[in-house]
Amino acid sequence: MQSHTVTGGGGIDLHVDETGPEDGRPILLIHGYTQSRLSWDRQMHSDLADEHRLVAMDDRGHGDSGKPRDAYDDPELWAEDVQSVIETLDLDRPVLVGWSYGGLIISDYLSVYGTEHVAGLNFVGAISKLGTEDANAVIGEDFTELVPGFESTDAEESVATLDTFVGRCVHGDLDPRDRYYLLGFNAAVPPYVRTGLHSRTVTHDEDLRSIDVPTLLTHGEADTIVLPEAAEEHADLIDTAEVSRYPDVGHSPFWEAPDRFNRELREFLERV
């Protein structure tokens, strides 16, 4: 495992980990709301790394990346973050994998750079819009009812909210070790970052319609955070899309069903 510091949009420092052969097909993993690059442990420490170059970034405001007070509402900044990782690490047309809010980051990227620098896309339990009636329609109450706690600066309320959220990101019960591991890096995100993330109003329907590279839509059928209808909407917008539905899986297919997720990602790489 190697770690890098990449200068992203507006000069922010982005922490990036990579593993696998340098000449392997690159996969850039982009995590979701209040998470970190460690969300992808079951990919980074899997046999995917035997042949593929796996790169996992901490989004701005998360993990070991910079956490500015006010730098979360500009699609160009998010797009520059992704492009900076691609250019700095010399990733040759990577497949972008975006989980949850990571799908919005990919959509921000497409609005600025299009598909010129990427070979394919994988939206995982993902959103592509925020702050509109249409956007809210595919976000579950299991998320929206937690928003006041996400924004709270009271430590006890914040941690209790994040603990509930971590549990709701899977279908069924988490192993206690996993639960507290995930809770730890969720809690490392300041409340002002979480507020900035979900205070945006943005839609990318036209950008999705313009996608001309292979696209895999991965979604748990038991997802109560981003409802499965989101994948159906994306499939209607993206001509190149195929949908992979996971029965009895919640918001985190890559964590809950890593063997299937890794196999399908490998097979997708073979087709792009």
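Everything below is about the structure shown above.
Please read all numbers here as calculations on a predicted model, not as lab measurements. Residue positions are given per chain, counting from 1 as you read along its sequence in written order. Thresholds applied to this predicted model are a pLDDT of at least 70 for local features of residues and 80 or more for the giving and counting of side-chain atom pairs; totals over whole chains, interfaces and linings are not thresholded and use all residues. As a rule here, side-chain values come from all non-hydrogen atoms in the structure, and water together with hydrogens is ignored.

Engineer: What is the right way to look at the side chain of T19 in this model?
Structural biologist: You can see T19 is positioned in strand β2 (residues 13-19). Any two residues whose heavy atoms approach within 4.5 Å are treated as being in contact. Here T19 is in contact with M1, M44, A49, H52, R53 and L54, once residues within four sequence places are set aside. Labels follow the DSSP assignment, with helices taken as runs of H or I lasting at least four residues and strands as runs of E lasting at least two, numbered in each case from the N terminus.

Engineer: Explanation requested: the pattern of salt bridges in the structure shown.
Structural biologist: Side chains that carry opposite charge are capable of pairing whenever their charged atoms lie near each other. By definition, a salt bridge exists where a carboxyl oxygen of Asp or Glu is found within 4 Å of a side-chain nitrogen of Lys or Arg. In total, this model carries 17 salt bridges according to the counting rule given. A salt bridge links D58 to R37; the shortest N-O distance between them is 2.6 Å. Placement of D58 in the loop between β4 (52-57) and α2 (75-88) and of R37 in the loop between β3 (25-30) and α1 (41-44) is noted, with a sequence separation of 21 residues between them. Comparing D58 with R37, the two get one shared label, buried. A salt bridge links R179 to D163, with the nearest nitrogen and oxygen atoms 2.5 Å apart. Using a 1.4 Å probe on the protein chains alone, a residue whose accessible area is under 20% of its type maximum counts as buried, one over 50% counts as exposed, and one in between counts as partly exposed.

Engineer: Sorry, what's going on with a negative patch on the surface here?
Structural biologist: Only residues above 30% relative accessible area that lack a salt bridge enter a patch, with like-charged residues linked at up to 9 Å and the nonpolar side chains Val, Leu, Ile, Met, Phe, Trp and Tyr linked at up to 5 Å. Calculation of accessible area relied on Shrake-Rupley with a 1.4 Å probe; when residues are assessed, cover is drawn exclusively from the protein chains displayed. In this count, Lys and Arg are taken as positive residues and Asp and Glu as negative ones, while His and the chain termini are left out. Lysine's charge is taken at NZ, arginine's at CZ, aspartate's at CG and glutamate's at CD. On the surface, a cluster of negative charge is made up of E133, D134, E229, E233 and D236. Those elements that provide at least two residues to the negative patch are α4 (133-137) and α11 (229-237). Counting residues per element, the negative patch draws most heavily on α11, at three residues. Assignment of secondary structure puts E133 in helix α4.

Engineer: Whenever I open this one, the nonpolar core confuses me. Can you help?
Structural biologist: If you look at soluble globular proteins, the nonpolar side chains tend to sit buried side by side. Judged by nonpolar contacts, the single largest core of 52 residues is most densely connected at L28, V85, L96, Y101, L121 and F123. Broken down by element, the residue count for this core peaks at six residues, all from helix α3 (residues 101-113). Those residues in contact with L96 that lie beyond four places of it in its chain are L28, V82, I86, I106, Y109, V118, G120, L121 and N122. If you look at the next biggest cluster of nonpolar residues, it comprises 27 residues, including L29, V166, F254 and A257. Residues grouped as a nonpolar core are buried Ala, Val, Leu, Ile, Met, Phe, Trp, Tyr and Cys residues, joined through side-chain atoms within 4.5 Å.

Engineer: Help me out: how do you make sense of the side chain of D81 in this one?
Structural biologist: Mapped onto the secondary structure, D81 falls in helix α2. The contact partners of D81, leaving out residues within four places of it in the chain, are G8, G9, I12, L14, M57 and R60.

Engineer: Could you clarify how one ought to interpret the pairing of β4 in this entry?
Structural biologist: Along any regular strand the residues' side chains alternate between the sheet's two faces. With six of its six residues buried, β4 lies for the most part within the structure. Alternating residues of β4 divide into H52, L54 and A56 and R53, V55 and M57, and every residue in both groups is buried. The rule for pairing is simple: two strands pair if DSSP sees at least two bridges between them. Here β3 runs beside β4; their pairing, made up of six bridges, is parallel. Each bridged residue has a counterpart across the sheet, and for L29 the counterpart in β4 is A56.

Engineer: Please explain the environment of G120 as it appears in this structure.
Structural biologist: Within the secondary structure, G120 is located in strand β6 (residues 120-124). We classify G120 as buried; its relative accessible area is 0%. With residues up to four places along the chain from it excluded, the contact list for G120 reads P94, V95, L96, V213, P214 and F268.

Engineer: Where do I start with the pairing of strand β8 (residues 241-246) in this structure?
Structural biologist: With six bridges connecting them, strand β7 (residues 215-220) and β8 associate as parallel partners. Bridging from a neighbouring strand, L217 pairs with V243 of β8. For crossovers, right-handed means that the path from the first strand over the helix to the second runs clockwise, given strands pointing away from the viewer. Taken together, β7, α11 and β8 form a β-α-β motif whose crossover is right-handed.

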